[in-house]
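# Structural overview
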Amino acid sequence: MLIKNIKQLVQVEHTPKLCVKGSDMAKIGTVDNAFLLIKDEKIADFGTMDNCPDYSGEVIDATNRLVFPTFCDSHTHIVYAGSREIEYVNKIKGLSYEEIAKQGGGILNSAKRLQSASEEELIESAMDRINEMIAYGTGAIEIKSGYGLSTESELKMLRVIRRLKELTPVSIKSNFLGAHAVAMEYRGRQSEYVDLVINEMLPRVAEENLADFVDVFCDKGFFTVEETDRILNAAAKYGIRPKIHANELDFSGGIQVGVKYNALSVDHLEYVGDAEIESLLNSETMPTVLPGAAFFLGLPLSPVRKMLEAGLPVALASDFNPGSSPSGNMQFIQSLGCIKYRMLPEEVIHATTLNTAYAMGLSDQLGSIAKGKIANVFITKPIPNYEFMPYSYGNNKVETVILKGKKIKQLNS
């Protein structure tokens, strides 16, 4: 496939990097009046139209359109059974996230529904969400378990994710999040639930090779640093790399324990101070902010500018889930990054492509326009420049999505 007459090719790399940090996030590579050549599912070449090759295969004319790498969404919970709009109404009435959880809502509500849903029902509803995400320009998704909270239901979720990998052209990573909340029947016996995760769930997950990562919700009202340490230490014996839900509700110590175990990312990060930044600076861990959840729940905003000025990389993901961020629209996440977190357009482009690819262990294959990378790109509708992407929020600027070198039938969005 040859895409020609591209108004601007965005996020190009001649010397690919695994991630972008600090002040470098304000710089973006572009080519004006460009072509992009795709062969065998990979990016074969790109440059200016002056050097465009003759090509006899499929040709797409992208006059007045921009081409970007597809978004990589490194934090989602899109395998679930049913929405939670009643809790949304309770939030409007003034109940907090923690209060709703204590009443059996939140994650426990989703767990109850998921336990009674079939794998086929879960696959069908998740595919609808994936198709919607593709239509908005997403080409890679990490999906977490965590709505099972029993061994069999957690395994069911992970088997659904494995099936989704086979059914969709999207690049998918699976994350075992058995420690998302304490199952209702273990209320008051949290240490016993942690034992269940370590001694029963983890061995089964490892035996069936169901998870690329392991995760823990290390935060106020959920799992302690000590419990998180136990789970990650057990996961390390199976060679499963961690990722952590951390510091969404308070200074929990989750960032530091994540760094201790070389977590690929620590996510949420509403509460970040000097100690957390110092810990991250000496690590290979990607700080990942979830603007959709903070927006939906009215949480304090992560100090993104302070992290960038300290020299850290930052990633932005959707946290698509039924309770605290019911949207997988990464274009809107970019807009929130600019509007709420004072990030520059260049910074949010890096934060939703290359850095989120890093947070999935995929930045050597995805996240930028570079020769040899997988050809996951989208072509915009006619727009003036890349700044327009986060500026024009609420509407879909994507016209054509190409995943693994093949054009995806345009979906309703």
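Residues numbered from 1 in each chain as written. Predicted model: local features only at pLDDT ≥ 70, side-chain atom pairs only at ≥ 80, totals over all residues. Heavy atoms only, no water.

## Points about the overall build of the protein chain
As a reminder, the rule being used: Each helix corresponds to a stretch of at least 4 residues labelled H or I by DSSP, and each strand to a stretch of at least 2 residues labelled E; elements are numbered beginning at the N terminus. Taken over C-alpha atoms, the radius of gyration is set against a globule rule of 2.2 Å times the number of residues to the power 0.38. Residue burial is assigned from relative accessible area. The probe radius is 1.4 Å, only protein chains are included, and a residue is buried under 20% of its type maximum, exposed over 50%, and partly exposed in between. Note on definitions: a residue-residue contact is assigned when non-hydrogen atoms from the two residues lie within 4.5 Å. Only the protein chains shown count as cover for residues, and the accessible areas themselves come from Shrake-Rupley with a 1.4 Å probe. Positive charges come from Lys and Arg alone, negative charges from Asp and Glu alone, with His and the N- and C-terminal ends not counted. All charge positions are set by atom: Lys at NZ, Arg at CZ, Asp at CG, Glu at CD.
Looking only at helices and strands, the protein chain features 15 helices and 16 strands. Relative to the globule expectation of 22 Å for 413 residues, the C-alpha radius of gyration of the protein chain, 21 Å, shows essentially globular dimensions. Taken along its principal axes, the extent of the C-alpha atoms in the protein chain is 70 × 45 × 45 Å. For the protein chain, with 413 residues in total, the buried portion stands at 61%. At a minimum sequence separation of 6, the contacts of the protein chain that also span at least 24 residues come to 73%. When the accessible surface of the protein chain is split by element, carbon and sulfur atoms take 48% of a total near 15,800 Å². Side chains of the protein chain carry 43 positive and 52 negative charges; the gap between the two charge centres is 2 Å.

## Let's talk about the environment of Val401
One can find Val401 in strand β15 (residues 398–403). We classify Val401 as buried; its relative accessible area is 2%. Sequence separation between Val401 and His14 is 387 residues; the distance between their C-alpha atoms is 23 Å.

## Things to note about the side chain of Ser150
What counts, and what does not: Here a polar contact is taken to be a pair of N or O atoms separated by no more than 3.5 Å, where protein atoms must pair a possible hydrogen donor with a possible acceptor and residues adjacent in sequence count only if both atoms sit in side chains.
On the secondary structure map, Ser150 appears in the loop between β7 (138–144) and α5 (151–167). For Ser150, the side chain forms a polar contact with the side chain of Ser153, separated by 3.2 Å. The residues touching Ser150, leaving out its near neighbours within four places in the chain, are Gln115 and Met201.

## Here we look at α5
Cut-off, in case you're wondering: By this rule the span expected of a helix is its residue count minus one, scaled by 1.5 Å.
The end-to-end C-alpha distance of α5, which contains 17 residues, comes to 25 Å, matching closely the 24 Å that a straight helix rising 1.5 Å per residue would cover. Within α5 the residues assigned to the buried category are Thr151, Ser153, Glu154, Leu155, Lys156, Met157, Leu158, Val160, Ile161 and Leu164. Here the buried face of α5 lies against α3 (107–116), α4 (119–135), β7, β8 (171–179) and α6 (190–207).

## So, empty space enclosed by the protein
The condition that has to hold: Of the grid points, spaced at 1 Å and generated over the protein atoms alone, those admitting a 1.4 Å probe that cannot get out make up cavities, while open sets with protein on both sides within 12 Å along at least five of seven lines make up pockets; any residue with an atom within 4 Å of a point is treated as lining. Grid points are joined across faces, edges and corners, and a volume is the space filled by probe spheres set on the points. When residue character is reported, Ala, Val, Leu, Ile, Met, Phe, Trp, Tyr, Cys and Pro are called nonpolar, Asp, Glu, Lys and Arg charged, and the others, Gly included, polar.
Applying the stated criterion to the full structure yields 1 cavity of 30 Å³ or more. Approximately 100 Å³ is the volume found for the largest cavity. His77, Tyr97, His180, Asn321 and Ser324 are the residues nearest the centre of the largest cavity, which is lined by 14 residues in total. Residue composition of the lining of the largest cavity, grouped by class: 4 nonpolar, 7 polar and 3 charged.

## Some remarks on the layout of surface pockets
Sizing a probe to match a water molecule and rolling it over the atoms shows the empty space that remains. A volume near 250 Å³ is recorded for the largest pocket. Ala101, Ala181, Arg187, Gly221 and Phe222 are, among the 15 residues lining the largest pocket, the residues nearest its centre. Elements with a contribution of two residues or more to the lining of the largest pocket: α2 (97–102) and α3. If you tally residues by element for the lining of the largest pocket, the top one is α2, at 4 residues. Within the lining of the largest pocket, the residues separate by chemical class into 8 nonpolar, 4 polar and 3 charged. By volume, the second largest pocket is sized at about 180 Å³. Around the second largest pocket, the lining comprises 13 residues; the ones closest to its centre are Ser96, Tyr97, Leu249, Leu297 and Leu299. Elements that contribute at least two residues to the lining of the second largest pocket include exactly α2 and α10 (291–297). Among the residues making up the lining of the second largest pocket, the classes are represented as 8 nonpolar, 2 polar and 3 charged.

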